[in-house]
Structure formats: C-alpha cells, structure tokens
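What follows is each chain in one-letter form.
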Amino acid sequence: TLEVPEQIASANGYYVWVCNSAGRFYLSGSDNQAPSKTEDLDYSMQSFIAKVLGGSTLIGNDFEGTFGEKALSIGVPITISTSSSSKEIIGAVILHEKADRYSNLIKDSYIYIAVAAVLAALLSLAVGLIFSSQFSKPIRKISTAVYEMSRGNYDVKVDNLNQPELNTIAESLGSIAVTAKNSVASISKETAQ
C-alpha cells in the first residue's frame, strides 16, 4: 500500500487513486474504492484515466457513481525526466472529492459574492448621494436667486459655487440682474416723468 496518498486523503477527506502507465492501481488504504485495473471501470472512467496517462491534466465528474454521490475528480500525470528535453509518463494520480465539500465551497462563494455586491451597491449609493448633494447645493442657490429676481429683487448675488460651469451661469445671472435693475429703474424714471 501507499501510505502517503492515504494520509493525504484521510486528512483532507479525499479519495486518492494512483495507477501506473499500464493502468494498474496501487492500493492507498482500505477505503479508497479504487479498482485493481482500469478495465474494471466503465468507459467514461477509462477514457478519463487514458487521457491523464496521455499527458493531460483533467477535472471532471466522470467518477460520480463510484462514491454513491456526486464527486469532482482531478487527474494529473506522473512524469519523470528521461533526458534533458524529454519526459516519460509513468502513471497518474486521480484525486476525488465528494460533492458536499465543494458544493459547500460554492455556496460560501455565492454568499461572499452577494455580500460584496450589497456592499458595492451601498458604497456606490453613498458616493452618489455625496456627489448629488455637492451638485444640488449650487443649483438650489441659483434657483433661489432666479426666484428672487422674478419677485423684483435684483440685488441678489450668487457666491462662488466651486464649479466652473455653474460659476459661469451665476456670473451671467448677475449680469442679467444688473441689466434688469437698470432697465426697471430707467422705466420707472420715464414713467414718473
């Protein structure tokens, strides 16, 4: 038996299968549910192991039925260097994890994503409120000045609004107020005469 894979498996709740390049499995503990050879598996499992022995690293759910419930499997080839530029595949390690472990991880991920989305929404709402209040204060000042001018109060002045575009509007409004005041004064004078 292979003690190290079994220790890894039992410590983390995984099943570890180790096979050689001929498809023969090494026992890694009493409860790993590994067959003795790949021919004992169904076609999709044999195909998975053949691809791993061909050099591919795979992740899939091909071994679900083996563990009586859904499972995620990861297959990694075992290689050795035969020369400076080539490697030979001498076997494969297939790690199986039951679905309850990774489904809990997925559920936790959804919770974290939901919390992050809510926090992002609240932050953007707060920033939006701050910007809208900063922008609405100068607009209210201009609106109040226009209202006062419509009532005949042409002495209204709008202070510096800290926004170049609105300052231009405030200056124009001030010029209009001066012109309107002079026009009203001139008309009143002519009327009085």
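Residues numbered from 1 in each chain as written. Predicted model: local features only at pLDDT ≥ 70, side-chain atom pairs only at ≥ 80, totals over all residues. Heavy atoms only, no water.

K.L.:
I would appreciate a short explanation of the overall build of the chain in the present structure.
P.N.:
A count of helices and strands for the chain gives four helices and five strands. Starting at the N terminus and walking to the C terminus, you meet the elements of the chain as α-β-β-α-β-β-β-α-α. Burial status across the chain gives 24% buried among its 193 residues. Partitioning the contacts of the chain with sequence separation of at least 6, the portion at a separation of at least 24 is 44%. Carbon together with sulfur atoms contributes 59% to the accessible area of the chain, which is approximately 12,800 Å² in total. (Helix = DSSP H or I, 4+ residues; strand = E, 2+ residues; numbered from the N terminus. Buried < 20%, exposed > 50% of the residue type's maximum accessible area, 1.4 Å probe, protein only. Contact = heavy atoms within 4.5 Å. Areas by Shrake-Rupley, 256 points an atom, 1.4 Å probe, with all protein chains shown as cover.)

K.L.:
Would you explain helix H4 (residues 164-192) in this entry?
P.N.:
Every α-helix carries 3.6 residues per turn, so stepping three or four residues along brings you back to the same face. If you check H4, its first and last C-alpha atoms are 42 Å apart, about what 29 residues at 1.5 Å a residue would give, namely 42 Å. Taken residue by residue, H4 has Leu166, Asn167, Ala170, Leu173 and Ala177 as its buried positions. (Expected span 1.5 Å × (residues − 1).)

K.L.:
Can you help me understand the pattern of salt bridges in this one?
P.N.:
Opposite charge on two side chains permits pairing when their charged atoms draw close. Under the counting rule described, the total for this entry stands at three salt bridges. Residues lysine 37 and aspartate 40 are paired through a salt bridge, measuring 3.3 Å at the closest nitrogen-oxygen approach. Overall, the relative accessible area of 27% leaves lysine 37 in the partly exposed class. Notably, a salt bridge pairs aspartate 155 with lysine 181, separated by 2.6 Å at the nearest N-O pair. (Salt bridge = Lys/Arg side-chain N within 4 Å of Asp/Glu carboxyl O.)

K.L.:
How should I be thinking about the side chain of serine 73 in this particular structure?
P.N.:
If you trace the backbone, serine 73 turns up in strand S4 (residues 71-81). A relative accessible area of 0% means that serine 73 is categorised as buried. Excluding residues within four positions of it along the chain, serine 73 makes contact with Phe48, Leu58, Ile59, Gly60, Phe63, Ile94, Leu95 and His96.

K.L.:
Please explain the confidence of the model for the chain as it appears in this structure.
P.N.:
Detail in the predicted coordinates should be disregarded across regions flagged by low pLDDT. Per-residue confidence for the chain gives a mean pLDDT of 78, with 84% of residues at or over 70. Taken element by element, the predicted model of the chain shows its lowest mean pLDDT in helix H1 (residues 3-12) (58) and its highest in helix H2 (residues 43-53) (89). (pLDDT = per-residue confidence, 0-100.)

K.L.:
Explain the pairing of strand S5 (residues 87-98) here, please?
P.N.:
Taken residue by residue, a regular strand's side chains alternate between the two faces of the sheet. Bridging between strand S1 (residues 14-20) and S5 involves seven bridges; their strand directions are antiparallel. Looking across to S5, one finds that valine 16 is bridged to leucine 95. Linking S4 to S5, which pair antiparallel, is a turn of five residues. (Pairing = 2+ DSSP bridges.)

K.L.:
Explanation requested: the nonpolar core in the structure shown.
P.N.:
The nonpolar side chains of soluble globular proteins are, as a tendency, buried together. If you look at the biggest cluster of nonpolar residues, it comprises 13 residues, and the most contacted ones within it are Trp17, Leu41, Ile49, Phe63 and Ile94. Looking at this core, the elements that each hand over two or more residues are S1, H2 and S5. Residue contributions to this core peak at five residues, all from H2. Contacts of phenylalanine 63, omitting those with residues within four sequence positions, involve Trp17, Leu41, Met45, Phe48, Ile49, Ser73, Ile94 and His96. (Core = buried A, V, L, I, M, F, W, Y, C linked by side-chain atoms within 4.5 Å.)

K.L.:
How do you make sense of the sheet that holds S5 when you look at a structure like this?
P.N.:
Strand pairing in a sheet is mediated by backbone hydrogen bonds. Such pairs are either parallel or antiparallel. Taken together, the five strands give an open sheet; going across it, the order is S2-S1-S5-S4-S3, and neighbouring strands pair in antiparallel fashion. Taken across any chain shown, the strands that pair with only one partner, and hence form the sheet edges, are strand S2 (25-26) and strand S3 (58-60).

K.L.:
Even after reading the chapter, I still don't get H2, so can you show me in this structure?
P.N.:
Buried within H2 we find Met45, Phe48, Ile49, Val52 and Leu53. Each buried residue of H2 sits inside an arc of 135° when the element is viewed along its axis, so together they form one side. On its buried face, H2 is in contact with S1, S2, S3, S4 and S5. Among the residues trailing H2, glycine 55 stands out with phi positive, at a value near 115°. (Arc of directions from axis to C-beta.)

K.L.:
Help me understand a nonpolar patch on the surface, please; the structure alone is not making it clear to me.
P.N.:
Residues Ile111, Tyr112, Val115, Val118, Leu119, Leu122, Leu125 and Leu129 make up a contiguous nonpolar surface patch of roughly 830 Å² in combined accessible area. In this fold, leucine 119 is placed in helix H3 (residues 99-150). (Patch = residues over 30% accessible without salt bridge, like charges linked within 9 Å, V, L, I, M, F, W, Y side chains within 5 Å.)

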